[in-house]
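In case you want the letters, here they are:
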Amino acid sequence: MATDRLKRMLEPAAVAVLAPPGAATTPLLASIAAGGYAGRRFALGGAAAEGFEQVSGIEALPEAVDLVIVPASAAIEAAAAAGRRGCAGVLVVDGDKAQAAPLGEAARQAGIRLIGPDSIGLVAPRLRLNASFAPVVPRTGSVALIAQSSSIAAGILAWAARRDVGFSGAVTLGEQADIDIADCLDHFGLDGRTRSILLALDEVEDAARFLSSARAAARLKPVLVLKPWRAATGASSLTHAGLIVTGDRAHDAAFHRAGLLRVNDLDELFAAAETLGRTRSLTGGRLAIVSNGSGLAALAAGRLRQLGGALATRAGDGAAALPDEAVTEAATPAQYGKAVTSLLGDNGVDAVLAVHAPHLLAEAEACADAVIDAAREAGTSKPVLAAWIGGGTALASRFATAGLPSFATGAEAVVGFQHLLRHARLQSELMATPPSAEEMPQPDLAEARAIVAKALAEERDWLDPGEVSALLAIYRIPALRPVVAADVEAALALARPLLAGGRPVALKIVSPDIVHKSDVGGVALDLATEAAIREAAERMLARVRSERPEARITGLAVQPMAQRAKARELIVGFATDPCFGPVVVFGRGGIAAELIDDSHAALPPLDLGLASRLIARTRVSRVLAAYRDVPAAKLDAVAATLVAVGQMAVDLPEIRELDLNPLLADETGVMAVDARIMLERRPEHRRRPAIRPYPASWRRRVSLRGGQGFLVRPIRPEDEGAIAAMLQKVTPEDLRLRFFAPLKVFSHAFLAHLTQLDYARAMAFVAFEEAAGEVAGVVRLHADAAGEEAEYAILLRSDLKGVGLGWTLMTLIIEWAKAEGLKTIRSQVLAENTRMLALCRQLGFAIANDPDDPALRVVTLSVDSGAASLRP
């Protein structure tokens, strides 16, 4: 398998180097020898080096080596030879982007993996392998480095050597002809020796693969990403959403959704890596400081406040306690130990920072040992950070050996702590269960697509106001519906009924060539009389004809004024990013929305939980709460609008950009006052969402023995409560047969693992009794990173066996596997689970003894041959 070959390359038992005279690979012979690599080494093609066995060529190798290192000039021929010899893969250390495509094709044809071209190599410290141009081999540790940039990788490795930071592995990918970021995230995410991953990223080429791999890795361990900021790319857009969604905003949204922690520079990367690589999990953000000097403690506390953090207050001090009471002074080792022990035992403290300044009378090493001992003996998971000013590498190494992160200054330690807190919050968001929502009817996609198709057939870039209103209605987004009049007299006729009812109107120019109407005086508000309407219309038309004589004017839109005196102006919309596809935006609205810069972005699809957290990240969220005599806005209505806009972005890739600006929000709900939708006429520029949406088309209604009806559909995160209730109706014996161990407690983390899926890699079908609405059974399938094999599991409620539900769920999951192009389905079944084994035989599974455990059977199905009766 492709993943096995990558593992062999990154942890090779034997290495071969092709180094003809003058080749870029020649220095690596010395690097590998100097590093002390203990595996077999072969020098190919006449190259000679101490400790290497000389072999004429790849096909003459005495064994199928795991890693063949070659220059770009010989890489295509070497890939073919490596494939014939059964080698795992090839590393190409020079070359350029132009060579990437032919090298990738050569690797695929040969059935091997390939790193490069233009890679500085890889490092496997546990094996003492330095197959790179890095001058030193970092010590063995638990941090993995994946880099596209050679210079950044070299800088990180040099820093690590100075700080005694150990690595489980390091690889630079160069032009990624074959092996890419996603492959390496999958490898190190599952690697038991890796506790955290550093990702030096320049660009993402396959957004869907990247996000799927990143999300999987980030759920298992911290993933830090360093990506250079780029100049804004949305400056030419004609919508506010398009101006807001720059390339960096899109990447930030992607990183946040996947659970990656973005850092801005090497200093931040090192601070975050130092903390996340050495500490345990964090449960809160209250930091206490111990120091032998009040000035240093004040600097650290000030930096904490500057970054939005909070000092801890002792649990017994009450809410009125002064923040400075969280700062404890200590001078002697005994005082340091006592202070750290006391703070770690305090319920008002989540983490402790120990700061020490050099002093003739201070015992720096003894104080450090006291902090280390107190942290070890406390019996708590609360993190302890250290900042020994001027302590040097010896003390840093002492803290590192004890598993405590250490920093040069208290301010640097605070930055590291804030990254630890950000990561904890990201993990909490990743595992959060969204609020249950009433299942609404699906939008009429046929009608929505017909509206868009008509405009595209007419070669228009914009939907007209009537089409926009119709599309918003299909997605149940409340909006003031404008009516378009052909001329001034027609506008007056449309306005009279509104004026008679005492309701003023708004008048807007309608032109396919004018997007920002207010820029040319194309909007007039609060018109309460016919005379005011006529005057405004004539003035508007005259100005537009003067300033934009080329613009086609198709009419005047008449709209009742939104009479919501205490409403807040918001913007909701989306724009299409070239890499990540549609990106939803939310923030403060108005004509200067992009200049105010109070907005955040998220990748669709969204649920109510994701939408609510997107809202909370903005400053405008504060004024959505109640203040003074202003009632709180209806936040669930704002969140529902974001969900609907995200669904539209998923359903209609022909839409390039959408603005709801302003979207008014108050205690009664929301109302879109102005909306515009821009189309993408060029099919090659349309982008699907980077995150696979909920596969609603796989819903089924089935009737089984006795006429009992079931609704079967893909699982959703909101099902956590229903799954928990179902597990209570499964007997202990059936739970043991499913999980191979007795289970009594079902934690949120356990249930989240069952219900929160990446549909690009996994599927679970849940069956509900139609009569009772309760969960009757679940079947799940999780594919490997290569998308070739998958493992299934199934569990039925104990009182619903024998009605045919197991067969129904299994045949449906096999159909899913076929649709996904999977080749093999596997599982392990206890030998005593005869009912499951019988069902497997009926479905065509092969059954064999598990070579590692006589109590287990391995069941395997070639997907093409599996029995199935339900089709999508």
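Everything that follows concerns the structure shown earlier in this document.
Residue numbers here run from 1 along each chain, matching the order of that chain's written sequence. Note on the predicted model: pLDDT of at least 70 is required for a residue's local features to be given, and 80 or more for side-chain atom pairs to be given and counted; whole-chain, interface and lining totals, by contrast, use all residues. Hydrogens and water molecules were not included; the side-chain quantities draw on all heavy atoms of the structure.

Novice: Which parts of the structure should I look at to understand the packing of aromatic side chains?
Specialist: How two aromatic rings sit relative to each other is set out by the distance from centre to centre and by the angle between their planes. Stacked, tilted and edge-to-face are the three classes assigned to paired rings of Phe, Tyr and Trp, where Trp is represented by its six-membered ring and a pair needs centres within 6.5 Å; plane angles under 30 degrees give stacked, over 60 edge-to-face, the rest tilted. Applying the stated criterion across every chain, the model contains eleven aromatic pairs. On the numbers, 6.0 Å between centres and 40 degrees between planes, the contact of Trp698 with Phe765 is tilted. Of this pair, Trp698 sits in the loop between strand 29 (675-679) and strand 30 (700-703) while Phe765 sits in strand 32 (residues 762-769), and the two are 67 residues apart along the sequence. When sorted by exposure, Trp698 lands in the same class as Phe765, which is buried. Both rings, one in Tyr792 and one in Phe845, keep their centres 5.6 Å apart while their planes meet at 55 degrees; by these two values the pair is tilted. Of the two residues, Tyr792 is situated in strand 34 (residues 789-796) and Phe845 in the loop between helix 28 (834-843) and strand 36 (846-850); the sequence distance between them amounts to 53 residues. Take Tyr792 and Phe845: they sit in the same class, and that class is buried. The helix count covers DSSP runs of H or I at least four residues long, the strand count covers runs of E at least two residues long, and both are numbered beginning at the N terminus. For the exposure calls, accessible area comes from a 1.4 Å probe over protein chains only, and a residue counts as buried if that area is under 20% of its type's maximum, exposed if over 50%, partly exposed in between.

Novice: Honestly, the pairing of strand 7 (residues 121-124) in this entry has me stumped. Any pointers?
Specialist: Every other side chain in a regular strand lies on the same face of the sheet, so the side chains alternate between the two faces. Side chains Gly121 and Val123 of strand 7 all project onto a buried face; the interleaved residues Leu122 and Ala124 project onto the opposite face, where all are buried too. In this scheme, strands are said to pair when DSSP sees at least two bridges between them. In this antiparallel pair of consecutive strands, strand 7 and strand 8 (residues 129-132), the connection spans four residues, and Arg128 shows a positive phi of 55 degrees. Of the strand pairs in this sheet, strand 7 and strand 10 (residues 167-172) are connected by two bridges, and their pairing is antiparallel. Counted as the bridge partner of Leu122 is Val171 from strand 10.

Novice: Would you explain the sheet that holds strand 36 in this entry?
Specialist: On the basis of which strands lie adjacent, the open sheet formed by eight strands has the order 30-31-32-33-34-35-37-36 and mixed pairing. The open sheet has two free edges, formed respectively by strand 30 and strand 36, since each of these has just one partner strand. Pairs of neighbouring strands in the sheet enclose a mean axial angle of 25 degrees, with direction left out of account. Here strand 30 runs beside strand 31 (residues 709-714); their pairing, made up of four bridges, is antiparallel. Looking across to strand 31, one finds that Arg701 is bridged to Leu711. In this fold helix 28 packs onto strand 34, strand 35 (824-830), strand 36 and strand 37 (853-862), with an angle of close to 25 degrees to the strand it touches most, strand 37. Here an angle of 0 to 180 degrees is reported between the N-to-C directions of two axes, which are lines fitted to C-alpha atoms, with helices fitted over the stretch in contact. The contact criterion used is simple: two residues touch if any of their non-hydrogen atoms lie within 4.5 Å.

Novice: When you look at the pattern of salt bridges in this model, what are you seeing that I'm missing?
Specialist: Two side chains that carry opposite charge are able to pair once their charged atoms sit near each other. We count a salt bridge whenever a side-chain nitrogen from Lys or Arg sits within 4 Å of a carboxyl oxygen from Asp or Glu. Using the criterion set out here, one finds 54 salt bridges in the structure. When the shortest N-O distance is used, the salt bridge between Arg534 and Glu489 registers 2.7 Å. One end of the pair, Arg534, is in helix 19 (residues 530-547); the other, Glu489, is in helix 18 (residues 488-500), and 45 residues separate them in sequence. The exposure class of Arg534 is partly exposed, given its relative accessible area of 32%. Put simply, Asp629 and Lys566 hold a salt bridge, and the shortest N to O gap is 3.2 Å. Of this pair, Asp629 sits in the loop between helix 22 (621-624) and helix 23 (635-651) while Lys566 is found in the loop between strand 23 (555-560) and strand 24 (568-577), placing the two residues 63 residues apart along the sequence. Each of the salt bridges in this network shares a partner with another, and the network as a whole consists of Arg113, Asp178, Asp180, Asp183 and Arg209.

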